[in-house]
Amino acid sequence: MPEPPRVKVQIEWGDMKHTVEGDLDTVIREVVQFAAKVLPNYSLASKLTFAPDYTSMVDDLSETVKLTPEGEVVLLKPEMSAENSISLVLLASKVASVVGTKSAADMSPEVISRATGKAVKTVRNTLAILTKTGIVERTGEGNYRLTIQGIRKSHETARGMNPRAVATEKQVTATG
């Protein structure tokens, strides 16, 4: 079995130097801990900052949405409501753009319709509602993408549909 890729980060802050090497999660954790020590206000600010966890989003979305090799989004559960279908497809598109398998996060109503299996008219009507509630926003090109609030809410929806995530939450609740 090949060894997983390792990441090496060297931080220089004034006269302080810190080097960390390992798997991505370990390196990120150590960098954040270093920043919290060096910048006490960073620790306070990070508690107030929502930073999407795209890694867990991939896991949570894997039960409901897939991407083709061409970067096209495919919904696996067409029986979902139009609102959830559109939100999850847009979330998958966002995650794919962040990890580099798709060039842009925004999607046209027609592309969303193909991905969800919902009629274009249904998609347009639902997008209008999602725009009014602040979940999606329309781009200058007439496409749609999730707002930061939409990313958070859509991830919660995806997590609720992932049997592994639900089982882990139940286990944590029962033991915690």
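Residues numbered from 1 in each chain as written. Predicted model: local features only at pLDDT ≥ 70, side-chain atom pairs only at ≥ 80, totals over all residues. Heavy atoms only, no water.

Peer 1: Lay out empty space enclosed by the protein in plain terms, naming residues and giving numbers.
Peer 2: For the structure on display, the rule yields 1 cavity of 30 Å³ or more. Each pocket or cavity is described by its volume, and for the largest cavity that value is around 50 Å³. Those elements that provide at least two residues to the lining of the largest cavity are α4 (82-99) and α7 (148-161). Among the residues forming the lining of the largest cavity, the class breakdown is 2 nonpolar, 4 polar and 2 charged. (1 Å grid on protein atoms, 1.4 Å probe; cavity = no way out; pocket = protein on both sides within 12 Å on 5 of 7 lines; lining within 4 Å. Points joined across faces, edges and corners; volume = space filled by probe spheres on them. Helix = DSSP H or I, 4+ residues; strand = E, 2+ residues; numbered from the N terminus. Nonpolar A, V, L, I, M, F, W, Y, C, P; charged D, E, K, R; others polar.)

Peer 1: So what about the pattern of salt bridges? Which residues, and what values?
Peer 2: As enumerated under the stated definition, the model contains 5 salt bridges in all. Here Arg124 ties to Glu110 by a salt bridge, and the two come within 2.5 Å at their closest N and O atoms. In this pair, Arg124 sits in helix α6 (residues 120-132) while Glu110 sits in helix α5 (residues 109-116), placing the two residues 14 residues apart along the sequence. Overall, Arg124 belongs to the partly exposed group, its relative accessible area being 43%. The exposure class of Glu110 is partly exposed, given its relative accessible area of 34%. As a salt-bridge pair, Glu137 and Arg145 come within 2.8 Å of each other at their nearest N and O atoms. (Salt bridge = Lys/Arg side-chain N within 4 Å of Asp/Glu carboxyl O. Buried < 20%, exposed > 50% of the residue type's maximum accessible area, 1.4 Å probe, protein only.)

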